[in-house]
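Chain by chain, the residues:
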Amino acid sequence: MNWITHLISDFLDLLYPPVCFHCGMRTEPGQFLCKSCQSELAFLEGELCPVCGTPLHLGICDTCAGSQFVFDKAVSIFSFNPVCQSLIHHLKYKDMVGVGRYLGAKAAEYCKERNPFSAIDLVAPIPLHPVRLRHRGFNQAGVIARAFARQMKLSYMPHLVVRARYTQTQTKLNRVQRQKNVSQAFRVKKPHLVQGRTILIMDDVFTTGATANSVAKALLNQGAERVYVLTIARA
Ligand SMILES: [Zn+2]
Ligand SMILES: [Zn+2]
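A look at the coordination of the zinc ion (ligand 1)
For step 1, the next point in the chain: Binding of the zinc ion (ligand 1) to the protein goes through Cys20 (SG), Cys23 (SG), Cys34 (SG) and Cys37 (SG), at separations of 2.3 Å.
For step 2, the next point in the chain: The sequence pattern describing where the donors of the zinc ion (ligand 1) fall on their chain is C-x2-C-x10-C-x2-C. Pair noted here: Cys23 is in the loop between helix H1 (3-15) and helix H2 (35-40) and Cys37 is in helix H2, with a separation of 14 residues, a long-range link.
For step 3, the next point in the chain: Its relative accessible area of 39% is what places Cys23 among the partly exposed residues.
For step 4, the next point in the chain: Using a relative accessible area of 4% as the deciding quantity, one classes Cys37 as buried.

Looking at the sheet that holds strand E7 (residues 226-234)
For step 1, the next point in the chain: The five strands lie next to each other as E1-E7-E6-E2-E3, forming an open sheet whose pairing is parallel. Every interior strand has two partners, whereas the edge strands, strand E1 (73-79) and strand E3 (155-156), have only one.
For step 2, the next point in the chain: Two elements, strand E2 (residues 122-125) and strand E6 (residues 198-206), share four bridges in a ladder whose sense is parallel. Residue Val123 lies in a different strand from E6, and its bridge partner there is Leu200.
For step 3, the next point in the chain: Strands E1, E6 and E7 of the sheet are contacted by helix H5 (residues 97-114), whose axis makes an angle of about 115 degrees with E1.
For step 4, the next point in the chain: Contacts from helix H9 (residues 210-221) reach E6 and E7 within the one sheet, and its direction differs from that of E6 by about 165 degrees.

Examining the coordination of the zinc ion (ligand 2)
For step 1, the next point in the chain: The protein atoms that coordinate the zinc ion (ligand 2) are Cys49 (SG), Cys52 (SG), Cys61 (SG) and Cys64 (SG), at distances of 2.2 to 2.4 Å.
For step 2, the next point in the chain: If you look at the zinc ion (ligand 2), its four donor atoms make angles of 98 to 116 degrees with each other, and the shape they trace is tetrahedral.
For step 3, the next point in the chain: Sequence spacing of the donor residues for the zinc ion (ligand 2), all on one chain, is C-x2-C-x8-C-x2-C. Here Cys52, found in the loop between H2 and helix H3 (62-65), pairs with Cys64, found in helix H3; they are 12 residues apart in sequence, far enough to count as distant.
For step 4, the next point in the chain: Residue class for Cys52 comes out buried when judged on its relative accessible area of 0%.

Side note on the pattern of salt bridges
Where charged atoms from two side chains of opposite charge come close, those side chains can pair.
For step 1, the next point in the chain: Applying the stated criterion across every chain yields a total of five salt bridges.
For step 2, the next point in the chain: Among the salt bridges present, the one from Arg197 reaches Asp121, with a minimum N-O distance of 3.7 Å. Separated by 76 residues along the polypeptide, Arg197 in the loop between strand E5 (186-188) and E6 and Asp121 in the loop between H5 and E2 bring together distant segments of the chain.
For step 3, the next point in the chain: By relative accessible area, Arg197 is classed as partly exposed at 30%.
For step 4, the next point in the chain: Residue Asp121 is classed as partly exposed on the basis of its relative accessible area of 27%.
For step 5, the next point in the chain: In the salt-bridge network here, residues are joined through shared partners; they are Glu45, Glu113 and Arg114.

A word on the packing of aromatic side chains
For step 1, the next point in the chain: According to the stated counting rule, one finds eight aromatic pairs in the structure shown.
For step 2, the next point in the chain: Relative to Phe206, the ring of Phe69 lies with its centre 6.2 Å away and its plane at 70 degrees, an arrangement referred to as edge-to-face. Taken together, the positions of Phe69 in the loop between H3 and E1 and Phe206 in strand E6 put the pair 137 residues apart, joining distant regions of the chain. An identical accessibility class is assigned to Phe69 and Phe206; each is buried.

Quick look at the nonpolar core
For step 1, the next point in the chain: Val123, Phe148, Leu200, Met202, Leu230 and Ile232 are the most contacted members of the largest nonpolar core, which has 39 residues in total.
For step 2, the next point in the chain: Two domains each donate at least three residues to this core, and these are domain 1 (1-40) and domain 2 (43-234).
For step 3, the next point in the chain: Beyond its immediate stretch of four places on either side in the chain, Phe148 contacts Gly104, Ala107, Ala108, Cys111, Val123, Leu154, Leu200, Met202 and Leu230.
For step 4, the next point in the chain: In terms of nonpolar packing, the next biggest core, distinct from the first, is built from 27 residues, Cys49, Val194, Phe206 and Ala216 among them.

Some details on the domain arrangement of the chain
For step 1, the next point in the chain: Segmenting the chain into domains produces domain 1 (1-40) and domain 2 (43-234).
For step 2, the next point in the chain: The straight-line distance from the C-alpha centre of domain 1 to that of domain 2 is 30 Å.
For step 3, the next point in the chain: Across the contact, six residues belong to domain 1 and 10 residues belong to domain 2.
For step 4, the next point in the chain: In total, about 800 Å² of surface goes out of reach between domain 1 and domain 2, with carbon and sulfur atoms giving 76% of it.
For step 5, the next point in the chain: There are zero salt bridges connecting domain 1 and domain 2.
For step 6, the next point in the chain: Taken together, the connections running from domain 1 to domain 2 amount to three residue pairs in polar contact (both at pLDDT 80 or more).

Focus: the packing of helix H4 (residues 82-93) against H5
For step 1, the next point in the chain: Contact geometry of H4 with H5 gives a least axis separation of 7 Å together with a crossing angle of 130 degrees. With respect to H5, the axis of H4 lies oblique. Both H4 and H5 take part in a crossing whose hand is left-handed. The segment H4 lies against H5, with Leu87, Ile88, His90 and Leu91 engaging Val97, Val99, Gly100, Tyr102 and Leu103.
For step 2, the next point in the chain: Its residues placed into classes, the contact of H4 with H5 shows seven nonpolar, two polar and no charged.

Rules used in this analysis
- Each chain has its residues counted from 1, following the order in which its sequence is written.
- Think of it this way: whatever chain is written first is A, whatever ligand is written first is 1, and the rest follow in order.
- Totals for whole chains, interfaces and linings use every residue, but because this is a predicted model, local features are given only for residues with pLDDT of at least 70 and side-chain atom pairs only at 80 or more, for both listing and counting.
- Note that the side-chain values use all heavy atoms of the structure and ignore hydrogens as well as water.
- Distances up to 2.8 Å from the metal define which N, O and S atoms are donors, and 3.2 Å serves for Na, K and Ca; water is absent from the atom set, so sites may look incomplete.
- Strands are runs of DSSP state E lasting at least two residues, helices are runs of H or I lasting at least four, and both sets are numbered from the N terminus onward.
- Accessible area is worked out with a 1.4 Å probe on protein chains only. A residue is then buried under 20% of its type maximum, exposed over 50%, and partly exposed in between.
- Here, a strand pair is defined by DSSP locating no fewer than two bridges between the strands.
- By the convention used here, residues are in contact when the closest approach between their heavy atoms is within 4.5 Å.
- Fitted lines through C-alpha atoms serve as axes, helices being fitted only where they are in contact, and the angles separating the N-to-C directions of these axes extend from 0 to 180 degrees.
- Each label reflects the angles at the metal, where four donors whose angles all fall between 85 and 135 degrees are tetrahedral, four or six donors whose opposite pairs open beyond 155 degrees and whose other angles stay between 65 and 115 are square planar or octahedral respectively, and the rest are irregular.
- For this analysis, a salt bridge means a side-chain nitrogen from Lys or Arg found within 4 Å of a carboxyl oxygen belonging to Asp or Glu.
- Within 6.5 Å between ring centres, the rings of Phe, Tyr and Trp (the latter by its six-membered ring) count as paired, and their orientation is classed by plane angle as stacked under 30 degrees, edge-to-face over 60, tilted in between.
- Throughout this description, the term nonpolar core refers to a set of buried Ala, Val, Leu, Ile, Met, Phe, Trp, Tyr and Cys residues connected via side-chain atoms within 4.5 Å.
- A domain assignment, automatic or from a database, supplies the domain bounds used here.
- Buried area is understood as the total, over both parts, of accessible area removed when two parts are fitted together, assessed with a 1.4 Å probe.
- In protein, a polar contact means a hydrogen-donor-capable atom and an acceptor-capable atom, both N or O and within 3.5 Å, with residues adjacent in sequence counting only if both atoms are side-chain atoms; elsewhere, any N or O pair within 3.5 Å suffices.
- Angle categories are assigned with fixed cut-offs, so that under 35 degrees is roughly parallel, over 145 is roughly antiparallel, 65 to 115 is roughly perpendicular, and the rest are oblique.
- Left-handed is the label given to a crossing in which the near helix is rotated counterclockwise from the far helix by less than a right angle, and right-handed is the label when the rotation is clockwise.
- Gly falls in the polar group here, along with every residue not listed as nonpolar (Ala, Val, Leu, Ile, Met, Phe, Trp, Tyr, Cys, Pro) or charged (Asp, Glu, Lys, Arg).

Here it is, written out as C-alpha cells:
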C-alpha cells in the first residue's frame, strides 16, 4: 500500500470503525472478529464420526444412524456456534464475500494441519439453484471453495455439478423429507472430468448431509473414484 491508500484507509477507519461481526465490539482493522470472538472459532475437537464428522455420543453417530451416506468422508472444521453462525450469516445475507474467502482460508489451514483427505484431484462447490443464485448474486459455497482451492493449490471447478431441478428450501423439512427433496437434484456437467478422480465438494454448513450425499451420488454415478465433503460448520 502506498501512503495515499494508507491515508484513505485510516480515514475510513475513523468514519466507520471496524466492528466485530458477532458482538459489535471494536476490532483491529481488517479483522471480521474481535480477539474474544476469534478465540471461540476453534477447530472442531473431540471424538468425531470417521464417516460424517459428527461429534459422537458414547461412540455412536446419530447422523449416520439415520442415513446411508455414499461419500467417503465428510469433515467440518467448526461447530455451528454463534460466532460461526454470525460469519456465515454475513456471507450469505449481507454479501460479505470477504468472509467467504476468510472461511476458505481457514478450511485450508485446517487441512494443512490435519490432513483429513488423501490426494484430491478436483474441488467443486455444492451448487446453488439458479433462482437463488440470481437472488443472492453469488454462491457462498463457491466463494469458500475457490479460496480454499487457491490456498491448497488444487484445481477448482465452479460448475462441475449443477442443479437438475428446483428443490424447495430445506430448512422447514425433516430428515426424510430432505433426503427425498434432494434425490436426483444434481447433474454432473462434464462426466469425463470426474471418471476415476477424487473429488472434494464444499459447502458452508453440513446439516443432515442429504444435499452433500445427493451430489456425491451424482459424481459416483459418473465414475468418480472417491468423494469427500468439506464444510465450514456442522449444524
Ligand atoms: Zn466479538
Ligand atoms: Zn456419522
